[in-house]
Amino acid sequence: MEATLAALKPGEQGALVRIQGENRLRQRLTEMGFIKGSTIGVDSTAPFGDPRSYSIRGYQVTLRNAEAEQIIVEI
Amino acid sequence: MSRSKAITIALAGNPNCGKTTIFNHLTGARQRVGNFTGVTVTRKEGTVSHKGWTINLIDLPGTYSLSSKTVEERVAREYILDEAPDLVVDIVDAGNLERNLFLTTQLIEMDLPLVITLNMMDEVRSQGMEIDTKTFSQLLGTLVVETVGRTGEGREELLDAIVQIAEEGFHSQQIRVPYDSHVEEAIERTREHIAQLHPGQVEEQRSRWLAIKLLEGDSDVLAQEHDHRELIAVAKSEQSSLEESHGEDSPTLLADGRYGFIHGLVQETLQQSRPVRTQNMTRRIDQLLLNRILGLPLFLFFMWLMFQTTFTVGQYPMEWIDAGVSWLSDAVTTALPEGMVRDLLVDGIIGGVGGIIIFLPNIVLLFLFISFFENTGYMARAAFLMDHFMHGIGLHGKAFIPLLMGFGCNVPAIMAARTIESPRDRLLTILINPFMSCSARLPVYVLLAGIFFTDYAGTVVFGLYLTGVLVAMGAAWMMKKTMFRGLSDPFVMELPPYRLPAARSVIIHMWEKAVEFLKKVSGIILVGSIIIWFLQAFPQDVDLTVDYAAEQNRIEQQMDTGEAQEQALAALANAQAAEEQEKRYLGQIGRTIQPIFEPLGFDWKGSIALLTGFVAKEIVVSTFGVLYNTGGEVDEESVTLREAMAGSMAPEVALAFMVFTLLYMPCLATIAVIRRETQSAGWTIFSIAMGLGIAWIMAWIVVRVARLVI
Ligand SMILES: Nc1nc2c(ncn2[C@@H]2O[C@H](COP(=O)(O)OP(=O)(O)OP(=O)(O)O)[C@@H](O)[C@H]2O)c(=O)[nH]1
Ligand SMILES: [Mg+2]
């Protein structure tokens, strides 16, 4: 089933399908290893629920929910 | 044939992979390191000699790829592309191999002579992992060295590898990062076109690199080749047909290829050599520090603790130094005959420099805390926690890092804004940075809060810092609403694993801050104090409104000797000293500008102190040191500045004075760096004017509100 990364709950993970939206975000994420098939898991949530941190390829990275909504994963 | 034995080498790698740590180990330099991305924002140079070679090393800012767009990443890209170092040492965080090797694939494609350094091997080993360096080296066609930046392990091997390549004459590796067959075909067609354009001039690897960049749509390479319309047209059509057939944009397609290659490489070389019970420390600490409910209160608590400790623990050594300064002052007073020289020494130099030097312990402590934030990995977490608020003012969390660094010094903090991609956000971050209270303002608070708010001085100091943050945010919000509309950057920020700060480097860092402070004191502050002393000592003869000598005679004759007479004489002498001071140059200047500060309740001495503080904020305290030392010439015993200043202002005025000091224009060095980073005299003037305006308004409000409360 496909879902956006923002819809995942802490502790869940999914495999990246595609990144939508503007080029700038996609380019930055791509060079940081957000490639089709990469596993992304949800880690911490900031106060007020946004942003959240994710782990991918063994490191952690932050994303706002609006950005995570652009990322489609398979769960 | 004698060949020059000097070579130039660039250190490149992802952010936070340990480049500067290794640079420092190689060259003996002490450049700033920290456990967050974007510590180094300009290139730094150093040299080291090894086996008869002089090696010039360039430490570059970290970058995830050679197509990245922030200012500091461009520094790295442009250096590598345009200045063509003899060799690139690609530093790889071995605990984070896949992502780090992405840049490596780009460097390989550029066909530069390369040495790969697998850094952070200690962390890899502690996870029970092992890297088969030999296979790794064969698969990439480069020399590979394992290092631990922390301890300097692998330093010799790295230098050996560099020299080995230099002696062999810098030929590059022959491997190729393979792509999907369609992509390869497109690369090949574009490459042939390039080869036709420059027959025999461009080597195969180089033309392959150009072809890849054109297919990627790299704007810089496109601009560079814009004369070759036909080539660009070919590349564009190849690019769009690729994108059409694969349903993805070309940078993604190329990245897929690179990561595919990397994945294979890592599979073959990285092994779990012994089982460890994975206890992920970072995750556990984050469960507490990034807790949804506790995260923010804990952050505020750490801030409060920092200022409270700076104040209370700093108090003890401060009193010792203070006692030393008083002793020196007394000793000089007794040793020298009365006169100008003694006054200059005691009131000007010891008063001015001694007034500020006692704050050394506070400043060192403050930097200890900041260095802890920077080196543990908490910095990026603070940015994460604060993102919500930063979002509210139209910035993003990453912009909080330069703000936090501003607590130390605004100059590097403003430069740290280079990590922000959008030019408008970066400008905004620069403009609000001076509101973050730097360490130079701390002495003013410690002095005044210590006198006027003795019992809760630490909290007052914390409150001032908080005010700075709130004003910075308020100003950003207003500017964003009015002048800086537009989109923010995406908030993509790496959270590094927690690391224990290396004790040695923390101590060196504090030592350096102490030396820096002492240099400032013995330089600009000493000169400033002497100038201030002269301005308040001349002209010697001033017209006085009262004939003080006659008045003194009158008191001595009319009153009986005793306490009452002594008091009257003392009061008279004080009045005389005060009037003389007011009529000398400094007093004249002070009275000229004082009307501006009248509504805030500052007297001419305060006004002068603020004026001189334009140069550097520490001079505010030195000015008080000189002025209050000479003001009370009645008693021969020297008194500490604290005692001399007690009662000189109402508490609410003192509070307003601290608020003004907090908010008004930063020091000259900060102005210079704002000018340089914004490249605009207009914004620099705007920044100064905004600071002065906000400082005045806030101080006006504070003095009125506080009068009701206190
Ligand atoms: N455990 C461990 N930590 C290291 C090693 N090398 C560096 N560090 C730590 O990693 C962090 C980053 O080091 P820096 O040298 O500032 O990294 P950098 O690559 O210069 O970072 P930027 O300038 O931001 O690109 C610091 O906290 C170092 O103490 C190592 O080999 N092992
Ligand atoms: Mg660095």
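Residues numbered from 1 in each chain as written. Chains lettered and ligands numbered in written order. Predicted model: local features only at pLDDT ≥ 70, side-chain atom pairs only at ≥ 80, totals over all residues. Heavy atoms only, no water.

Participant: I'd like a rundown of the side chain of Lys398(B), residues and numbers included.
Facilitator: Looking at the element boundaries, Lys398(B) is found in the loop between helix H16 (378-392) and helix H17 (400-405). Here Lys398(B) sits buried without a salt bridge, and the closest side chain of opposite charge, Glu72(B), lies 6.2 Å off (N-O distance). (Helix = DSSP H or I, 4+ residues; strand = E, 2+ residues; numbered from the N terminus. Buried < 20%, exposed > 50% of the residue type's maximum accessible area, 1.4 Å probe, protein only. Lys, Arg positive; Asp, Glu negative; His and termini not counted. Salt bridge = Lys/Arg side-chain N within 4 Å of Asp/Glu carboxyl O.)

Participant: Talk me through the interface of chain A and chain B; I want residue IDs and the actual numbers.
Facilitator: When the parts come together, some accessible area is lost, and that loss is often what is quoted as the size of the interface. Tallying the contact residues gives 34 residues for chain A and 43 residues for chain B. Buried surface at the junction of chain A and chain B, both sides included, amounts to about 3,300 Å², of which 54% is carbon and sulfur. For the interface between chain A and chain B, the tally reads six salt bridges. A salt bridge links Asp387(B) to Arg64(A); the shortest N-O distance between them is 2.7 Å. Run the count over chain A and chain B and you get 15 residue pairs in polar contact (both at pLDDT 80 or more). (Contact = heavy atoms within 4.5 Å. Buried area = accessible area lost by both parts, 1.4 Å probe. Polar contact = N/O pair within 3.5 Å; in protein donor to acceptor, adjacent residues only side chain to side chain.)

Participant: Please provide a residue-by-residue account of the coordination of the magnesium ion (ligand 2), values included.
Facilitator: Residues and elements named next belong to chain B. The protein atoms that coordinate the magnesium ion (ligand 2) are Thr-20 (OG1) and Thr-40 (OG1), at distances spanning 1.9 to 2.0 Å. Highlighted residues: Thr-20 in helix H1 (residues 19-27) and Thr-40 in the loop between H1 and strand S2 (44-50), separated in sequence by 20 residues. Classification of Thr-20 as buried rests on a relative accessible area of 8%. (Donors = N, O, S within 2.8 Å, 3.2 Å for Na, K, Ca; no water.)

Participant: Kindly report on the nonpolar core, identifying the contributing residues and their values.
Facilitator: All names here are of chain B. Within the largest apolar cluster, 131 residues are counted, with the highest numbers of intra-cluster contacts made by Phe-407 and Phe-624. Considering each element in turn, this core owes the most residues, 13 residues, to helix H21 (residues 457-482). Beyond its immediate stretch of four places on either side in the chain, Phe-407 contacts Met-303, Met-306, Phe-307, Leu-366, Ile-370, Met-436, Ser-437, Cys-438, Ser-439, Tyr-465 and Val-469. Judged by nonpolar contacts, the second largest core, of 58 residues, contains Ala-94, Val-177, Leu-210 and Leu-254. (Core = buried A, V, L, I, M, F, W, Y, C linked by side-chain atoms within 4.5 Å.)

Participant: Give a detailed account of the pairing of strand S4 (residues 87-93) of chain B, specifying residues and quantitative values.
Facilitator: Within a regular strand, the side chains alternate between the two sheet faces. All names here are of chain B. Most of S4 sits inside the fold, with seven of its seven residues counted as buried. Of the two faces of S4, the one carrying Leu-87, Val-89, Ile-91 and Asp-93 and the one carrying Val-88, Asp-90 and Val-92 are both buried. As paired strands, strand S1 (residues 6-13) and S4 are joined by five bridges and run parallel to one another. Note on S4: the bridge partner recorded for Gly-13 is Ile-91. Handedness of the crossover is the feature at issue here: the chain leaves S4, passes through helix H3 (residues 97-109), returns alongside strand S5 (residues 114-119), and the resulting connection is right-handed. (Pairing = 2+ DSSP bridges. Right-handed = clockwise from strand over helix to strand, strands pointing away.)

Participant: Report on the pattern of salt bridges, specifying residues and quantitative values.
Facilitator: A side chain of one charge can pair with a side chain of the opposite charge if their charged atoms are brought near each other. Residue and element names in this part refer to chain B. Under the criterion given, the structure shown has 42 salt bridges over all chains. A salt bridge links Glu-45 to Arg-43; the shortest N-O distance between them is 3.5 Å. Assessed through its relative accessible area of 53%, Glu-45 is described here as exposed. Bridged by salt links that share partners, the residues Arg-74, Arg-77, Glu-78, Glu-109, Lys-213, Glu-216, Asp-218, Asp-220 and Arg-258 form one connected network.

Participant: Hey, could you go over the site of ligand 1 for me, with residue numbers and the actual values?
Facilitator: All names here are of chain B. Lining the immediate surroundings of ligand 1 are 24 residues, of which Lys-19, Thr-20, Thr-21, Thr-40 and Gly-149 lie closest. Gly-34 places a main-chain nitrogen or oxygen 3.2 Å from an oxygen atom of ligand 1. The separation between an oxygen atom of ligand 1 and a polar main-chain atom of Val-39 is 2.8 Å. Protein chains bury 97% of the 660 Å² of accessible surface belonging to ligand 1 in isolation. Those elements giving two or more residues to the shell around ligand 1 turn out to be H1 and helix H4 (121-126). (Near = heavy atom within 4 Å. Areas by Shrake-Rupley, 256 points an atom, 1.4 Å probe, with all protein chains shown as cover.)

Participant: I'd like a description of the domain arrangement of chain B, backed by residues and values.
Facilitator: Residues and elements named next belong to chain B. Domain boundaries in chain B define domain 1 (6-168), domain 2 (182-246) and domain 3 (516-550 + 577-709). Computed from C-alpha coordinates alone, the two centres of domain 1 and domain 2 are separated by 29 Å. Listed per partner, the contact involves nine residues of domain 1 and ten residues of domain 2. Carbon and sulfur atoms make up 39% of the surface buried where domain 1 meets domain 2, a total of about 810 Å² over both sides. If you sort the residues of domain 1 by the area they bury against domain 2, Arg-77, Glu-109 and Asp-111 come out on top, with a joint share of 52%. Counting across the interface, domain 1 meets domain 2 through three residue pairs in polar contact (both at pLDDT 80 or more). Every element with two or more residues in the side of domain 1 that touches domain 2 is listed here: helix H2 (71-82) and H3. Element by element, the count of residues in the side of domain 1 that touches domain 2 is highest for H2, at three residues. Class assignment for the residues of the side of domain 1 that touches domain 2 results in two nonpolar, two polar and five charged. (Domains from an automatic or database assignment. Nonpolar A, V, L, I, M, F, W, Y, C, P; charged D, E, K, R; others polar.)

Participant: Just give me the short version of the sheet that holds S4(B), but keep the residues and values in it.
Facilitator: All names here are of chain B. Judged by pairing direction, the sheet is mixed, and its six strands sit side by side in the order S2-S3-S1-S4-S5-S7 without closing on themselves. Lying at the two open borders of the sheet, with one neighbouring strand each, are S2 and strand S7 (143-146). The sheet shows a mean angle of 25 degrees between the axes of neighbouring strands, taken without regard to direction. Relative to strand S3 (residues 53-59), S2 runs antiparallel, the two being bridged by seven bridges. Note that in S3 the partner of His-50 across the bridge is Trp-53. In this fold helix H5 (residues 133-140) packs onto S5 and S7, with an angle of close to 150 degrees to the strand it touches most, S7. (Axes fitted to C-alpha atoms, helices over the stretch in contact; angles between N-to-C directions.)

Participant: Lay out helix H19 (residues 423-432) of chain B with the relevant residues and their values.
Facilitator: All names here are of chain B. With eight of its ten residues buried, H19 lies for the most part within the structure. If you check which residues of H19 are buried, you get Asp-425, Arg-426, Leu-427, Leu-428, Thr-429, Ile-430, Leu-431 and Ile-432. Contacts made by the buried residues of H19 are with H2, H17, helix H18 (410-416), H21, helix H30 (668-678) and helix H31 (681-709).

Participant: How would you explain unusual backbone geometry if you had to name every residue and give the values?
Facilitator: Excluding glycine, residues mostly have negative phi values, and the peptide bonds linking residues are mostly trans. A cis amide bond, omega -5 degrees, links Asp50(A) with the succeeding residue Pro51(A). Relative to the helices and strands, Pro51(A) is located in the loop between strand S3 (39-45) and strand S4 (52-56). Between Phe538(B) and the following residue, Pro539(B), the backbone shows a cis peptide bond with an omega angle of -10 degrees. Structurally, Pro539(B) can be placed in the loop between helix H22 (503-537) and helix H23 (548-558). Despite not being glycine, Phe48(A) shows a phi value in the positive range, around 70 degrees. Following the sequence through the fold, Phe48(A) ends up in the loop between S3 and S4.

Participant: Which residues make up the environment of Glu512(B), and what are the values?
Facilitator: With respect to the helices and strands, Glu512(B) occurs in helix H22. C-alpha separation for the pair Glu512(B) and Val364(B), spaced 148 residues apart in sequence, amounts to 9.3 Å.

Participant: Tell me about the confidence of the model for chain B, residues and numbers included.
Facilitator: All names here are of chain B. Averaged over all residues, the pLDDT of chain B is 87; the fraction at 70 or higher stands at 96%. In this model, residues 631-637 is a region of pLDDT below 50 whose contacts with residues beyond four sequence positions or in other chains number ten contacts. Prediction confidence for the complex, expressed as pTM and ipTM, is 0.88 and 0.96 respectively. (pLDDT = per-residue confidence, 0-100.)

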